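The lines below spell out each chain.
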Amino acid sequence: MKDGFLKVAAATPSIRLADCEYNAGAILRCMEQARGQGVKLLVLPELCVTGYTCGDLFLQPALLDAARSALEQIRAGSHGSDLITVVGAPLRHGNKLYNCAIFIQNGVYLGVIPKTHLPSYGEFYEGRWFCPAPAQEEDMRLGGQTVPFGTKILLCCEELPSLCIAAEICEDLWAANPPSVGHGLAGATVIVNPSCSDETTGKAAYRRQLLSAQSARLCCAYLYADAGDGESTTDMVFAGHNLIYENGVLLDETSLFQNGMAVSEIDLSRLAYERQRLTSFPAPSSGVYRRVPFSLSVAETRLTRPISPRPFIPDAQESRRERCEEILSMQAAGLAQRLEHTGAKTAVIGLSGGLDSTLALLVAVRAMKRLGRSMGDILAVTMPCFGTTHRTKSNAQQLAEAYGVNFREIDITAAVNRHFADIGQDPENRDVTYENCQARERTQVLMDLANQTGGLVIGTGDLSELALGWATYNGDHMSMYGVNASIPKTLIRHMVAYEASVSENETLRHTLQDILDTPVSPELLPAQNGEIAQKTEDLVGPYALHDFFLYYAVRWAFSPAKIYRLALYAFGEEYEPQMVKKWLVSFYRRFFAQQFKRSCLPDGPKVGSVSLSPRGDWRMPSDAHATIWLKEAQSL
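Because the structure is a prediction, the values reported are computed rather than measured.

**Topic: the overall build of the protein**
- Summing up its helical and strand segments, the protein has 20 helices and 22 strands in all.
- Considering only C-alpha atoms, the protein reaches an extent of 100 × 50 × 40 Å along its principal axes.
- Contacts spanning at least 24 positions in sequence make up 74% of the contacts within the protein whose residues lie at least 6 apart.
- Summing over all exposed atoms, the protein offers an accessible surface of approximately 25,700 Å²; the carbon and sulfur share of this is 49%.
- Positive and negative side-chain charges of the protein, numbering 59 and 70 respectively, have mean locations separated by a distance of 4 Å.

Shown next, in the form of structure tokens:
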């Protein structure tokens, strides 16, 4: 439960139809398996105590009495454990029979939730035996206890307030207005669904879509337990398709026809933050809901859920290609609109031969194609100085030639040396002034060329640099439209690689690949033996780590301790713990200290869920103190 993680499971026990004692044993074995994996919430299928397809046997008192006896057996087996188990059984109440989900923990029945929507079509005839859930919440007697009974019941954890559980049963989810909508609006963060959904062609895919959409719409975790082959009788087949979703994302699922157990960890603090952040998600209004408290022992949850070390980049190759194409199209559309609206005659780009300026050029080329304009309307300028290497300068020129854009080389060495003389800067003093003078001279040249040609300066700085403040104020920090402003460095690498993979120009592919192989550098310090002497990641740390920190600090507001834990888990042995801590501390120090640069950013297209634009995406005072975050990070 530490950091808001809760291990949960959805499982399919191997049952026999109408053999309640046997089924109780199968359910107890599932519970034991779940406890062995540290599970705190286990969901089992609809009517799993008797079997769903018992038909008119549901009207036999012998079966119903056996079901109650089996529930008592399961309740007794839950003693001594805080595992919450949700089982399905038919229960009589007030001379009616209900299809129910029963919550059991540590020898106690916590609540009974009856099914609301009873299918009576095709192979399903529930209305023949069961009564829909009553409109009002009541109490029922079960096993000598007085137990809450009804659909509007929330089970709330005393130790973890963000854990609030509610239930709907199978067909309830397929209804036009599922009960889970009301549950979510009342504050439920976890919806459990004991189900018995028969398997037909294409139904598994539809089931995934439905669960993904519902969990995303409600910003909740959704646990779906499906009946398996023990139900496969007469004209229906059941596959035991168990799924765990969190806010639209599939965390785990079982293979069809194997009666397995899906296990993962849901992140309750993440769900709570998302609901807090979204103004369209109303505050809980649970006046008509009955809140039932329960307790869980607090312990650290061992993580098994997928956490990518590169959260901005899809894992699957095809998804990466689609993402890259989508983002390039968005960037180009934004730039095309700005060029057309301003009547700009040119797009002026400082082309260094590095990743960022390469991507900016790719975007400009697409924008001009979108507008039906000549590539000659792009002016690419390389401005060699003290640290420029032949490799980067050559790559810049080859790029410009490959795309057919105008290209100019303006050596700024003399201008920078003259400026050194003007301000009394010793050229041998390789301090921040030495470096920033070059960056600001380059920006001045680009701005003036834009004036000369009636154009706009296209910014090349990326999201990672903005987060760390790795930009010269009023130097490369400034432009007239920053096309890369919301794209992190790790993603830019994949976008350039994508362009190389789809290009039919062999020279262009070779050039793009060499740019990918070139160390990231501002090239502001003199080269050593013709090679880059200043490598950015040696100075500010690995961009892979910083992009990971940025994603979880800004998008999800995770604490430094939780980010550290996730980084160690996601990266495995790629980075030592002390290195992760070192750069995490550095990230927070730089992020807070450099906010003033982000407070006056140029316009630029937002392409993802993380952006640092001061015009809505990230509003932070420039003089905020990092004390709280640094104290926690340094104590790790």
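**Observations concerning the environment of Arg323**
- Among the structural elements, Arg323 can be located in helix 7 (residues 317-342).
- Residues Arg323 and Trp470, 147 residues apart in the sequence, show an inter-C-alpha distance of 26 Å.

**Section: the pairing of strand 5 (residues 108-114)**
- The element strand 5 is extensively covered by neighbouring structure, given that 6 of its 7 residues are classed as buried.
- In the sheet, strand 4 (residues 96-105) pairs with strand 5 via 6 bridges, with the strands oriented antiparallel. Note that in strand 5 the partner of Ile102 across the bridge is Val112.
- Counted along the chain from strand 4 to the antiparallel partner strand 5, the turn is 2 residues long, and its residue Asn106 has a positive phi close to 50°.

**Topic: the sheet that holds strand 17 (residues 290-294)**
- What the 7 strands build is an open sheet, ordered 15-14-13-12-11-10-17; its pairing is mixed. A single partner strand is all that each edge strand has here, and the edge strands are strand 15 (249-253) and strand 17. The mean inter-strand angle of the sheet, taken between neighbouring strand axes irrespective of direction, is 20°.
- Bridging between strand 14 (residues 243-246) and strand 15 involves 4 bridges; their strand directions are antiparallel. Counted as the bridge partner of Tyr245 is Leu250 from strand 15.

**Quick word on the packing of aromatic side chains**
- Applying the stated criterion to the full structure yields 21 aromatic pairs.
- When the ring of Phe58 is compared with that of Trp129, the centres are 5.9 Å apart and the planes differ by 55°; the resulting orientation is tilted. In this pair, Phe58 is assigned in the loop between strand 2 (41-43) and helix 2 (61-77) and Trp129 in the loop between strand 7 (124-125) and strand 8 (138-142), connecting sequence segments 71 residues apart.
- Linked through ring pairs, Phe312, Phe548, Tyr551, Tyr552, Phe558, Phe571 and Tyr575 together constitute an aromatic cluster.
- Note that Arg555 overlies the ring of Trp556, its terminal NZ or CZ placed 3.9 Å from the centroid.
- Its end group placed over the ring of Phe5, Lys562 keeps NZ or CZ at 4.7 Å from the ring centre.

**So, the pattern of salt bridges**
- In this structure the tally under the stated criterion is 34 salt bridges.
- A salt bridge links Glu199 to Arg207; the nearest nitrogen and oxygen atoms lie 3.0 Å apart.
- Accessibility expressed as a relative area gives 0% for Arg207, which makes it buried.
- Arg418 is the partner of Asp422 in a salt bridge, and the nearest nitrogen-oxygen pair spans 3.2 Å. With Asp422 and Arg418 both in helix 10 (residues 413-423) and 4 residues apart, the pair spans about one turn of that helix.
- The exposure class of Asp422 is exposed, given its relative accessible area of 52%.
- Among the ionic contacts, a cluster of salt bridges with common partners joins Lys2, Asp3, Glu300 and Arg565.

**Description of the pairing of strand 14**
- Burial of strand 14 is two-sided: the residues Leu243 and Tyr245 facing one way and the residues Ile244 and Glu246 facing the other way are all buried.
- The turn linking strand 14 back onto strand 15 is made up of 2 residues, and Asn247 within it adopts a positive phi angle of 50°.

**Describing the sheet that holds strand 21 (residues 456-459)**
- Read from one edge to the other, the open sheet built from 5 strands follows the order 20-19-18-21-22, with strand pairing classed as parallel. A single partner strand is all that each edge strand has here, and the edge strands are strand 20 (406-409) and strand 22 (481-482).
- The pairing of strand 18 (residues 347-350) with strand 19 (residues 378-382) spans 4 bridges and is classified as parallel. Its bridge partner being in strand 19, Ala347 is matched across the sheet by Ile378.
- In this fold helix 8 (residues 355-371) packs onto strand 18, strand 19 and strand 21, with an angle of close to 165° to the strand it touches most, strand 18.
- In the packing of helix 9 (residues 390-403) onto the sheet, the strands contacted are strand 19 and strand 20, and the crossing angle to strand 20 comes to about 155°.

Procedures and definitions
- Residues numbered from 1 in each chain as written.
- Predicted model: local features only at pLDDT ≥ 70, side-chain atom pairs only at ≥ 80, totals over all residues.
- Heavy atoms only, no water.
- Helix = DSSP H or I, 4+ residues; strand = E, 2+ residues; numbered from the N terminus.
- Contact = heavy atoms within 4.5 Å.
- Areas by Shrake-Rupley, 256 points an atom, 1.4 Å probe, with all protein chains shown as cover.
- Lys, Arg positive; Asp, Glu negative; His and termini not counted.
- Charge placed at Lys NZ, Arg CZ, Asp CG, Glu CD.
- Buried < 20%, exposed > 50% of the residue type's maximum accessible area, 1.4 Å probe, protein only.
- Pairing = 2+ DSSP bridges.
- Axes fitted to C-alpha atoms, helices over the stretch in contact; angles between N-to-C directions.
- Phe/Tyr/Trp six-rings, centres within 6.5 Å; stacked < 30°, edge-to-face > 60°.
- Lys NZ or Arg CZ within 6 Å of the ring centre and 35° of its normal.
- Salt bridge = Lys/Arg side-chain N within 4 Å of Asp/Glu carboxyl O.

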